[in-house]
Each structure stands twice: as C-alpha cells, then as structure tokens.
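Chain and residue survey
Take a look at the letters that make up each chain.
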Amino acid sequence: GNSVTQMEGPVTLSEEAFLTINCTYTATGYPSLFWYVQYPGEGLQLLLKATKADDKGSNKGFEATYRKETTSFHLEKGSVQVSDSAVYFCALSATSGGGADGLTFGKGTHLIIQP
Amino acid sequence: DAGITQSPRHKVTETGTPVTLRCHQTENHRYMYWYRQDPGHGLRLIHYSYGVKDTDKGEVSDGYSVSRSKTEDFLLTLESATSSQTSVYFCAISDTADTQYFGPGTRLTVL
C-alpha cells in the first residue's frame, strides 16, 4: 500500500536558519504530493503541492521538488522565522481525478523556531 | 479559505453514548472526507464520500458510520462511543479528489 515517511522531530532551529524536512514515499502509479502546515489549535492548511515528477511546488518561501528517482519530496526554506513554528505534514494522493480514497499522511514534523 | 465548518468544535461525552459530528461546506465540492488525528499517527482516513448518498470506508472505519443526504453536509456518527475514539476529527473537501481543504477540527473526548 501507500505510505509516507517523514522525520517526526521536534526540529528546533534558530531564526534565519536553513530548513530541510525530509519526506519519502511509497506508492503505486504517479501520486500527487503535498505539504500541509498545522498551527496550534487549527486545521491543516495546504502549503504547496506538486503533481508530476520534477515539478517544484513553492509558497511563502517554502519549496519542495517531486523527485521520482528517489521517491522524495523534501521541504526547504532558506531563512525560517519564528512564525514558521508549526507541525508540517507530507502527504500523497494516489488518485488523480478518478477515485477519491483520501490522502496518505506522514506522522508530522513539529518545527520550533527560536528567536 | 475554503468554506468548511465543523460542529461542535469541542465535545465531551461518556462511553456508550452516540455522537454525531457535522461537516458543512459552502464550496459545492463533490468529495468529502473524515479523518482522525492522533499523536504518533498523523491523520488517518475514516470514511469518504464521492457524491450524495455515495460513501465508502477508509483505513480506520470500524465503529464509525457516515451519511451524506445533501452536497453540503457530511455527518460522522459514533454509534456507541469508546475511549479509543477520543481524538481530533477533521473534515476535508475536494473538487478533484486530489487537493483537499480541511476544516478547523472537532476535539472529542470520550470518558
């Protein structure tokens, strides 16, 4: 079946540091890949996505590139801020327009940014 | 933000009682989903719907049922709540069965 593996953390960084959160996946076919962010007490917000190999998703300074050869979708940001403190989820969708059987999530990475 | 509301936002109930959670959307999206979030597990799919009266089971469906009588509403029912169903429940919607948008969540505690 499908699965997503990501570092759980907590990951603690200083403000302005470079961020990488690793995400690897197992899936049949050609999944779409997503990063969601969850701030304390809130629901999940879509951060970025990529739908095919070599696509780069980007938003709010975050980037991730769909690497089919390494089955990875690592999240990066060049200079983190305290406001980036949150839980980040990597997810995949193994359906594309046809079926509807939900997203497969990693367990989430808790990111803490210290001033 | 996608127009998704969940009610109630918080609920405390006792073991053995029935509980219904409601998800309401104003986006007219075809697909709706219920997930539960637990520490160490991420989010796991409970049930989903691909149209009015069309539903199917997800990864952790035991002890839960759903109904969708209108496009905008998707109900999750715990027929007889157990302590293992203490969790945060999220509803999500999608128009393409690909990208999903999430509601604010319902925190359920079963004593």
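Some points on the overall build of chain B
- For chain B, the helix and strand inventory stands at zero helices and eleven strands.
- Shown N-terminal to C-terminal, the secondary structure of chain B runs as helices and strands in the order β-β-β-β-β-β-β-β-β-β-β.
- At 13 Å, chain B has a C-alpha radius of gyration in line with the 13 Å of a compact globule built from 111 residues.
- In terms of principal-axis extent, the alpha carbons of chain B reach across some 35 × 25 × 25 Å.
- Residues counted as buried form 50% of the 111 residues belonging to chain B.
- Put simply, 55% of the contacts in chain B that link residues at least 6 apart link residues at least 24 apart.
- Carbon together with sulfur atoms contributes 47% to the accessible area of chain B, which is approximately 5,100 Å² in total.
- Between the averaged position of the 11 positive side-chain charges in chain B and that of its 13 negative side-chain charges there is a distance of 4 Å.

A word on the pairing of strand β6 (residues 54–57) of chain B
Residue and element names in this part refer to chain B.
- Strand direction decides the pairing type here: strand β5 (residues 42–51) and β6, joined by four bridges, are antiparallel. Following the sheet pairing, G51 is matched in β6 by D54.
- The loop that links β5 with its antiparallel partner β6 comprises two residues; one of these, K53, has a positive phi angle of about 65 degrees.

Points about the side chain of B:S61
All names here are of chain B.
- One can find S61 in the loop between β6 and β7 (64–70).
- Given the relative accessible area of 10%, S61 is considered buried.
- What S61 contacts, discounting residues up to four positions off in sequence, is I46 and H47.

Structural notes on the interface of chain A and chain B
- Between chain A and chain B, the residue contacts involve 24 residues of the former and 22 residues of the latter.
- Taking both sides of the interface into account, the surface hidden between chain A and chain B amounts to around 1,600 Å²; carbon and sulfur atoms contribute 53%.
- Our count for the chain A to chain B interface comes out at zero salt bridges.
- At the boundary of chain A and chain B, one finds four residue pairs in polar contact (both at pLDDT 80 or more).
- Looking at the side of chain A that touches chain B, the elements that each hand over two or more residues are β5 (32–38), β6 (44–50) and β10 (86–93) of chain A.
- The leading source of residues in the side of chain A that touches chain B is β5(A), at four residues.
- A class-by-class count of the residues in the side of chain A that touches chain B yields eight nonpolar, twelve polar and four charged.

Cut-offs used in this document
Residues numbered from 1 in each chain as written. Chains lettered and ligands numbered in written order. Predicted model: local features only at pLDDT ≥ 70, side-chain atom pairs only at ≥ 80, totals over all residues. Heavy atoms only, no water. Helix = DSSP H or I, 4+ residues; strand = E, 2+ residues; numbered from the N terminus. Rg over C-alpha atoms; globule rule 2.2 N^0.38 Å. Buried < 20%, exposed > 50% of the residue type's maximum accessible area, 1.4 Å probe, protein only. Contact = heavy atoms within 4.5 Å. Areas by Shrake-Rupley, 256 points an atom, 1.4 Å probe, with all protein chains shown as cover. Lys, Arg positive; Asp, Glu negative; His and termini not counted. Charge placed at Lys NZ, Arg CZ, Asp CG, Glu CD. Pairing = 2+ DSSP bridges. Buried area = accessible area lost by both parts, 1.4 Å probe. Salt bridge = Lys/Arg side-chain N within 4 Å of Asp/Glu carboxyl O. Polar contact = N/O pair within 3.5 Å; in protein donor to acceptor, adjacent residues only side chain to side chain. Nonpolar A, V, L, I, M, F, W, Y, C, P; charged D, E, K, R; others polar.

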